[in-house]
Amino acid sequence: MSGAATRSSLASDLAAIGLAAGDAVLVHAALRRVGPIVGGPDVIVDALVDVLGPDGTILGYCDWQLADEVRDDPAMREHIPAFDPHRSRATRENGFWPELLRTTPGARRSANPGASMAALGGRADWFTADHAMDYGYGRQSPLGKLVEAGGKVLMLGAPLDAMTLLHHAEHVADFPNKRIKRYETPILVDGRKVWRWFEEFDTSDPPDGLPDDYFATIVEAFLATGKGQRGTIGAAPSVLVPAPDIVAFGVRWLEQELG
């Protein structure tokens, strides 16, 4: 595999883009863009652990593999399994990375079905504990904690409009006509399936008047200020940004555009 990435080469790339020991980093990864890796995609996790050290934490956005059209069909209600943070698969829409991280030994997962996050490393328990069941992209969430902890977001070959942390900016920003979504989902309560109503700001579509890929516009505008860093990890063009700064920038951008 001439030219293939290795654990040590990936670690060097991750350090070069700005990751360091003790960091907490939310990773979105398009694994195919990294190119061939000696040992396969699990080596990306190993390389991240090498760079972040025992006190660092890797996070990934899982969501849940349950289509709304199935959940909303009364005839399917009895057949739908309850969300189980330990077993329920991450949505395939986010690629293989979240499920790879979730199933890595030692990983934890938060309990909000639609906003669930996996975490691995020194602060995994803290990041995934006490995830609010309503408004799960808000301050009482792994995303809110990432900002609180001064963490980072790594777009490892992933499109910039997939930066989930900007849903937290949507939550925090003050602009009119935020859409509210209410839905019912089964969860485990003391080992039993219980149907529970959830309430969120609707993140399925952009706020009125903004294009579908407006997250990418925010990230590019942020990078244009000189903050954040671009680099290549394996063969994947990548971006690293500080979580508190990109959220503050996103909140200002949204309020100026919509408020």
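Heads up: the structure comes first, above all this text.
Not measured: the values here are computed from a predicted model. (Residues numbered from 1 in each chain as written. Predicted model: local features only at pLDDT ≥ 70, side-chain atom pairs only at ≥ 80, totals over all residues. Heavy atoms only, no water.)

Draft legend 1. Seen up close, the overall build of the chain. Helix and strand content of the chain: 10 helices and nine strands. Relative to its length of 259 residues, the chain is compact, with a C-alpha radius of gyration of 18 Å against a globular reference of 18 Å. Structurally, the chain occupies a C-alpha span of about 55 × 45 × 30 Å along its principal axes. Among the 259 residues that make up the chain, the fraction classed as buried is 49%. Contacts in the chain between residues at least 24 apart in sequence constitute 69% of all its contacts with a sequence separation of at least 6. Working note: accessible area of the chain is about 12,100 Å², and carbon and sulfur atoms make up 49% of it. Put simply, the chain has 25 plus and 35 minus side-chain charges, and the middle of one group is 4 Å from the middle of the other. (Helix = DSSP H or I, 4+ residues; strand = E, 2+ residues; numbered from the N terminus. Rg over C-alpha atoms; globule rule 2.2 N^0.38 Å. Buried < 20%, exposed > 50% of the residue type's maximum accessible area, 1.4 Å probe, protein only. Contact = heavy atoms within 4.5 Å. Areas by Shrake-Rupley, 256 points an atom, 1.4 Å probe, with all protein chains shown as cover. Lys, Arg positive; Asp, Glu negative; His and termini not counted. Charge placed at Lys NZ, Arg CZ, Asp CG, Glu CD.)

Draft legend 2. Fine view of the sheet that holds strand 4 (residues 117–121). If you trace the seven strands from one edge of the open sheet to the other, you get 3-4-2-1-5-9-8, paired in mixed fashion. Among the strands making up the open sheet, the edge pair consists of strand 3 (108–109) and strand 8 (229–233). Pairing analysis gives three bridges linking strand 1 (residues 24–29) to strand 2 (residues 57–61), with the strands arranged parallel. Paired with Ala24 across the two strands is Thr57, which belongs to strand 2. (Pairing = 2+ DSSP bridges.)

Draft legend 3. The arrangement of the nonpolar core in detail. Judged by nonpolar contacts, the single largest core of 39 residues is most densely connected at Leu146, Met163 and Leu165. Sequence-distant contacts of Leu165, that is, excluding residues within four places in its chain, are made with Leu26, Leu143, Leu146, Val147, Val153, Ala243, Ile246 and Val247. (Core = buried A, V, L, I, M, F, W, Y, C linked by side-chain atoms within 4.5 Å.)

Draft legend 4. Region of the structure containing the pairing of strand 9 (residues 236–242). For strand 9, a buried count of five out of seven residues is recorded, marking the element as mostly surrounded by other parts of the structure. Connecting the antiparallel pair strand 8 and strand 9 is a turn made up of two residues, with Gly234 showing a positive phi of about 60 degrees.

Draft legend 5. Broad picture of the packing of aromatic side chains. One pass over the structure, following the stated rule, counts eight aromatic pairs. Seen in terms of ring centroids, Trp126 and Phe127 are 4.8 Å apart; in terms of plane orientation they differ by 70 degrees. Their pairing is edge-to-face. Following the ring pairs from residue to residue traces out a cluster consisting of Tyr214, Phe215 and Trp253. A cation over a ring is seen here: Arg123 above Trp126, with NZ or CZ 4.2 Å from the ring centre. The ring of Tyr183 carries Lys181 above its face, with NZ or CZ at 5.4 Å from the centroid. (Phe/Tyr/Trp six-rings, centres within 6.5 Å; stacked < 30°, edge-to-face > 60°. Lys NZ or Arg CZ within 6 Å of the ring centre and 35° of its normal.)

Draft legend 6. Spotlight on helix 9 (residues 214–224). Within the span of helix 9, buried status applies to Tyr214, Phe215, Ala216, Ile218, Val219, Phe222 and Leu223. Buried positions along helix 9 lie against helix 8 (165–172), strand 8, strand 9 and helix 10 (243–258). Looking one or two residues past helix 9, Gly226 carries a phi angle of roughly 100 degrees, positive in sign.

Draft legend 7. Looking closely at the pairing of strand 1. Taken across its six residues, strand 1 has six buried, putting it largely inside the fold. Judged by which residues are buried, strand 1 turns out to be covered on both faces: Ala24, Leu26 and His28 on one side and Val25, Val27 and Ala29 on the other are all buried. Relative to strand 5 (residues 152–156), strand 1 runs parallel, the two sharing five bridges. Residue pairing for strand 5: Leu26 is matched across the bridge by Val153.

Draft legend 8. Representation of unusual backbone geometry in the model. Residue Tyr135 is not a glycine yet carries a positive backbone phi of 55 degrees. Its location among the elements puts Tyr135 in the loop between helix 6 (124–128) and helix 7 (142–148). Positioned with a positive phi, Asn177 is a non-glycine residue whose angle comes to about 65 degrees. For Asn177, the location among the structural elements is in the loop between helix 8 and strand 6 (180–189). Take Asn177: its relative accessible area is 67%, and that puts it in the exposed class.

Draft legend 9. Highlighting the packing of helix 8 against helix 10. Packing of helix 8 against helix 10 brings their axes to within 8 Å, and their N-to-C directions diverge by 50 degrees. Relative to helix 10, helix 8 is oriented oblique. Between helix 8 and helix 10 lies a crossing of right-handed hand. Together, Leu165, Leu166, His168, Ala169, Glu170 and Val172 of helix 8 and Ala243, Ile246, Val247, Gly250, Val251 and Leu254 of helix 10 make up the contact between the two elements. Looking at side-chain class alone, the contact of helix 8 with helix 10 contains nine nonpolar, two polar and one charged residues. (Axes fitted to C-alpha atoms, helices over the stretch in contact; angles between N-to-C directions. Parallel < 35°, antiparallel > 145°, perpendicular 65-115°, else oblique. Left-handed = near helix turned anticlockwise from the far one by under 90°. Nonpolar A, V, L, I, M, F, W, Y, C, P; charged D, E, K, R; others polar.)

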